[in-house]
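Structural overview for review
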Amino acid sequence: MDVEETTRVEESQHLLEGQVASSSTSEPANYGSVEQHKSALDGAALRKGGDSQRDGEEYDNVPAVKRQLGLFSAIFLIFNRIIGTGIYATPSSILRSSGSIGVSLIMWLVGAAIASCGTAVYVELGTGLPRSGGEKNYLEYIYRSPRFLATCSFMIYTLIMGTATANSVVFSEYLLHALSINPSRFNTRLTALLCLTFICGIHGTKLKWGLRLQNTLGLFKLVVMSSIAFCGILSLVGVPGFQVHGEYDKPHNFDSWNHFWEGSGTGSNAFVSGLYNVIWSFIGYSNANYALSEIRNPVGTIKRAAPLAMLSVTTVYLLINIAYFAVVSKSDILGSDRIIAALFFRNLFGATTEKALSAFIAFSTLGNVLAGQFSQGRVIQELGREGILPYASFFASNKPFNAPLSGLFTQYLVSCTFLLAVPAGDAYLFLISLSSYCLSLINALVSLGLLLLYTSAYRTWGWNPPFRAPKIIVVLFFLSNVFLVLVPFIPPVPGSKIYQKLPYWSHPVGGFSVSLFGVAYWYYWSIWRPRKFRYTLQREWVLQDDGVSRYVFRQISES
């Protein structure tokens, strides 16, 4: 929290439970002039048909030079974040859960439908509140009372949700395999650390080069995955040169209607488990919402970029699955401990291509981590701009490289702590599972909040953004997140323990408990300390000398 000497306040104050006052100055002392800021916390949002609908850039008064992302970059910010490593291995577990090729493809279609619902929800929220920070803004806008509680709670969640530890380890393992280096705990962790360091460095000091690399990897990923799908389809229709090598089982997955549905009916537990994995394979559709303050024409861009990215992901996922099933037999998929992508390459191109596959998966994972950390740095910067974080000016700044290096470095430290300080086994699995579960909780709160905005009790707020998702879409997205929140409380089937020693419900209970740290901080900062030392907190909007605007809180003595 920034606390500065009291200066002239030009507008009236209002108290938060008798302790926190909020105000804005048109010409803050020592910072230069700044226009009145539109804040989600104060109920400001874009409305359909208003002057702000043109592009949304005026909602957050950041320097124009900061808006460096266009439609192409926004698409690959989402595309890269969704597609990491799951599509190369997950289809095997989905087939095992579904029992048949037909049910497996239906589950992928259901996952795509749920992801499309989530995309529509986040496009609506992004067009109404076109500022970086994603869920931070949406929770602040919807859950305004008690004031600042939503921000303080989300502050703790964002550090956990943004960890890149697991994917950096996956990148390391596949890269070492591609280089024919035997992976050990030491060289795997060292390579993962170098990956995290490289990403923090390039995004924090060379913004344009980081974006170029990110977009290049995304385009490379799209081209290669489309080529894999195309080769599988050529094999399916019997094109010479694309047939399964003679020493491997010939697949019959599409030979007849009976083959297509053979094995269906594995039970409700297996179906729920498979659907759970499919839904997680589509997570990342909200990634561009975290960087809207850096996107040109954010309203128009997010309305186009998110659907295009999701259409690309869904098409690739479905065609890749069809390609896998066209080249690899069902018995081979279920009976082998190798990832399905490796079986595909072996059957079609020979065992010697395995190293090439490992290299491609490593690059795919690198693009995923780049996209995730790019956005995560912006979320932490937005928390700094609210003035609630300790040393808020440090986190809000774009110095010295015109990038949120402070936010990126903070998340880098969290990821490195998970990587180096947490031992393998239950503790590591717990932290990784906790990260995913926290995201489900936040999505459930966001979608529930959007439903509340449609009710008569909130009608006076005038929520009418440039894009509106159909209510049924919002309801389905909310229910899907309730599903993700509740499933971890269901005891696993025998033989599929999550942890060796910890109870299976450890990470969902931990996910709910995380919010208590935010509540404790909020109470100490906004209620207990002001009462004890007899002051109120006055909130002012100021402009830093690097062109980034932010809030500061000043202590106003009551004596």
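Predicted model, so just to flag it, every value in this text is computed and none were measured.

Nonpolar side chains in soluble globular proteins tend to be buried together. Counting 145 residues, the largest nonpolar core has I83, Y88, F282, F344 and W463 as the members making the most contacts within it. The contacts of F344, once residues within four sequence positions are left out, are I228, G232, A323, Y324, V327, V328 and F349. Among the nonpolar cores identified, the runner-up in size contains eleven residues, and L149, I527, Y535 and L537 belong to it.

A few words now on the packing of helix α6 (residues 165-178) against helix α7 (residues 185-205). The contact between α6 and α7 brings their axes to 8 Å, and the two run at 115°. In the packing of α6 onto α7, the handedness of the crossing is right-handed. Contact residues: α6 offers S168, V169, F171, S172, E173, L175 and L176, while α7 offers N187, T188, R189, T191, A192, C195 and L196.

Before going further, it helps to spend a moment on the packing of aromatic side chains. Here the distance between the centres and the angle between the planes together describe a pair of aromatic rings. Using the criterion set out here, one finds 33 aromatic pairs in the structure. A ring pair is formed by Y276 and W280, whose centres lie 6.4 Å apart and whose planes are at 70°; its orientation type is edge-to-face. On the criterion of helical spacing, the pair formed by Y276 and W280 is a turn pair, its members being four residues apart in helix α10 (residues 268-281). Among the residues examined, Y276 registers a relative accessible area of 18% and is labelled buried. By the ring-pair criterion, three or more aromatic residues cluster together here, those being Y88, F220, F360 and F363. Over the aromatic face of W461 sits the side chain of R144, whose NZ or CZ is 3.4 Å from the ring centroid. Lying over the aromatic face of F374, R378 brings its terminal NZ or CZ to 3.7 Å of the ring centre.

About the cut-offs
Residues numbered from 1 in each chain as written. Predicted model: local features only at pLDDT ≥ 70, side-chain atom pairs only at ≥ 80, totals over all residues. Heavy atoms only, no water. Core = buried A, V, L, I, M, F, W, Y, C linked by side-chain atoms within 4.5 Å. Buried < 20%, exposed > 50% of the residue type's maximum accessible area, 1.4 Å probe, protein only. Contact = heavy atoms within 4.5 Å. Axes fitted to C-alpha atoms, helices over the stretch in contact; angles between N-to-C directions. Helix = DSSP H or I, 4+ residues; strand = E, 2+ residues; numbered from the N terminus. Left-handed = near helix turned anticlockwise from the far one by under 90°. Phe/Tyr/Trp six-rings, centres within 6.5 Å; stacked < 30°, edge-to-face > 60°. Lys NZ or Arg CZ within 6 Å of the ring centre and 35° of its normal.

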